[in-house]
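Letter by letter, the chains look like this.
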Amino acid sequence: MFTSKLDLNDFMSGLVKRNPYEPDFHQAVEEVAESVIPFINQHPEYIQERVLERMTEPDRIVAFRVCWEDDDGHIRVNRGYRVQFNNAIGPYKGGLRFSPSLTLDTLKFLGFEQTFKNSLTTLPLGAAKGGSDFNPKGKSDREVMRFCQSFMTELHKHIGAHRDIPAGDIGVGGREISYMYGQYKRLENEFQGVLTGKGLEFGGSLIRKEATGYGNVFFTEELLREHNLELAGMRCVVSGTGNVALYTAQKLMALGARVIALSDSSGSIYLPEGMNAEQLYWMIDLKENRRGRIAEFAEHFGCVFNEQVSVWQYPCQAAFACATQNELDLDDAKTLIKNGCKVVAEGANMPATLKASHALRGAGVLFAPAKAANAGGVAVSGLEMTQNSMHLSWSVEELETRLHSIMRKIHSQCVEHGHVEGGPVDYVRGANIAGFKKVANAMLAYGVV
Ligand code: NDP
Ligand code: 2IT
């Protein structure tokens, strides 16, 4: 019987020993363990059944070779993965990332976090993550197509509408999902909702593209309202200019906030008066259709572009981290605190380092953790699955109302479980405990499996 209390340091050293050289996975688990171990220690059944040990071990990891031919006739070899992390509360669900720096470490951290995020959405969604070290940048459409077809030729054996439903993530947008869906359909001879983020003509959902960004802003709005603050008029910085960043910016502007800085991996732009609608439209076209660099925006509109300066350096009241993991470190957190920033929202997955997150929360900056703040994307993916099952399509209004309502429910779960007697709500703790409880209780119900 394992009924003695769990100790954070012992738990983490065991995890590090079992999973050496995986710093991002360690970081993601530590953030959760810090919050849930005190909760687990009040519930001996979780200790006895070793629920946290089981939740930190993926159900399975699939790794495979992906060969394809480039436009010059050369054979290229990449590695593909699917980490099926946990299906206690629903079929595996989570994005695919194509990035040259992708490792299994990254996918394990993402799959682990997805477990809690998907639980918070209130929908029946398990958790997975996958992808490849393939770099779509600089490749022709045909090269991307050949890669996606080869990738799906293996992946299709492991996924299915009731088994595992991938979607997009960094480097995987509508183009890649379409190529992969076409190949899946061809291999299986079935038209089913096995990927989300599909084109509207073939089973995709309205507002899926916008959902992560919109949800990020809805959640932040709710969190500010809880603290008698509002977004309208706030000076906001947003990192990234990808799917999450662009639609975070769009919804911020629609709600009357001022977006004063954006970035991509080559640098940041600064617009002291705030971006206007024409500029946002131009930026979306640049990034989604022309696959251009942010410096082209700066050149076109004559604004400041700085290769060396991150968006966190510009004084702001609200900061939205929407690019990638560990992009906001302790020094950045100190800068934000010094400049009077009131709220930091994690649109990306784990964009703040643990030290940064502790510093921000310690200084009283409101902090919206990724699992809660960016859950709108997977939530609308869940709604895409529902529409596919019912063979119908909901309207923008219907979907935006549902997304808004889900983000409010996520916020109230955070408040309920993150409430600290006599202190402010700890949203990190709230999101982790609420996400944990549902999955853990399902696992207990199944017995030892
Ligand atoms: P995209 O590929 O659309 O955009 C990524 C953006 O981040 C680009 O602007 C990119 O710049 C920048 N970026 C990527 N890697 C780095 C890096 N190493 N350093 C600096 N900038 C970088 O991805 P998404 O917008 O889909 O994803 C962004 C984040 O949000 C990720 O953490 C993802 O896991 C998370 N997320 C995504 C969801 C979705 O629905 N898409 C849902 C929930 C979370 P450049 O173009 O120059 O590379
Ligand atoms: O990190 C994420 O939640 C995503 N990339 C979206 C996953 C999904 O299945 O829509």
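Residues numbered from 1 in each chain as written. Chains lettered and ligands numbered in written order. Predicted model: local features only at pLDDT ≥ 70, side-chain atom pairs only at ≥ 80, totals over all residues. Heavy atoms only, no water.

Colleague: If you had to explain the overall build of the chain to someone new, which residues and values would you point to?
Modeller: Along its length, the chain carries 17 helices and twelve strands. The C-alpha radius of gyration computed for the chain amounts to 21 Å, which stays within 12% of the reference 22 Å derived for 449 residues, consistent with globular compactness. C-alpha extents for the chain along the principal axes are approximately 65 × 55 × 45 Å. Every one of the 449 residues in the chain was classed for burial, and the buried ones make up 57%. Look at the contacts in the chain between residues 6 or more apart in sequence, and 71% of them connect residues 24 or more apart. For the chain, the computed accessible surface area is about 18400 Å², with 50% contributed by carbon and sulfur atoms. Side chains of the chain give 47 positive and 53 negative charges; the mean places of these two sets differ by 3 Å. (Helix = DSSP H or I, 4+ residues; strand = E, 2+ residues; numbered from the N terminus. Rg over C-alpha atoms; globule rule 2.2 N^0.38 Å. Buried < 20%, exposed > 50% of the residue type's maximum accessible area, 1.4 Å probe, protein only. Contact = heavy atoms within 4.5 Å. Areas by Shrake-Rupley, 256 points an atom, 1.4 Å probe, with all protein chains shown as cover. Lys, Arg positive; Asp, Glu negative; His and termini not counted. Charge placed at Lys NZ, Arg CZ, Asp CG, Glu CD.)

Colleague: Which residues make up the state of the cysteines, and what values do they have?
Modeller: The final tally for this structure, using the stated rule, is zero disulfides. Not part of a disulfide, C303 finds its nearest cysteine sulfur in C236, a span of 17 Å. Note on C303: relative accessible area 17%, which makes it buried. Unpaired in this structure, C322 has its nearest cysteine sulfur neighbour in C236, at a distance of 11 Å. (Disulfide = S-S within 2.5 Å.)

Colleague: Could you give an account of the site of ligand 1, with specific residues and numbers?
Modeller: K137, D169, S265, R293 and N349 are the nearest of the 23 residues found near ligand 1. Contact distances for ligand 1 include 3.0 Å between an oxygen atom and a side-chain N or O atom of R97. Here an oxygen atom of ligand 1 sits 2.5 Å away from a polar atom, N or O, in the side chain of S265. Surface burial for ligand 1 is 79%, taken as the share of its 890 Å² of free accessible area covered by protein chains. Those elements giving two or more residues to the shell around ligand 1 turn out to be α8 (208-226) and α9 (243-254). Residue composition of the shell around ligand 1, grouped by class: five nonpolar, eleven polar and seven charged. (Near = heavy atom within 4 Å. Polar contact = N/O pair within 3.5 Å; in protein donor to acceptor, adjacent residues only side chain to side chain. Nonpolar A, V, L, I, M, F, W, Y, C, P; charged D, E, K, R; others polar.)

Colleague: An account of a nonpolar patch on the surface is requested, with residue identities and associated values reported.
Modeller: On the surface, L200, L206 and V396 cluster together into a nonpolar patch covering about 230 Å² of accessible area. Take L206: it is sitting in the loop between α7 (174-188) and α8. (Patch = residues over 30% accessible without salt bridge, like charges linked within 9 Å, V, L, I, M, F, W, Y side chains within 5 Å. Salt bridge = Lys/Arg side-chain N within 4 Å of Asp/Glu carboxyl O.)

Colleague: Mind laying out helix α17 (residues 427-446), listing which residues take part and the relevant values?
Modeller: Spanning 20 residues, α17 covers 29 Å between terminal C-alpha atoms, matching the ideal 28 Å at 1.5 Å per step. Between the side-chain oxygen of the N-cap and the backbone nitrogen of V428 there are 3.1 Å, and the N-cap of α17 in question is D426. Immediately downstream of α17, the backbone of G447 shows phi near 80°, a positive value. (Expected span 1.5 Å × (residues − 1).)

Colleague: Mind laying out the side chain of N86, listing which residues take part and the relevant values?
Modeller: Along the polypeptide, N86 turns up in strand β2 (residues 75-86). Overall, the relative accessible area of 6% leaves N86 in the buried class. Within the structure, the side chain of N86 is placed 2.8 Å from the backbone nitrogen of A88, a separation counted as a polar contact.

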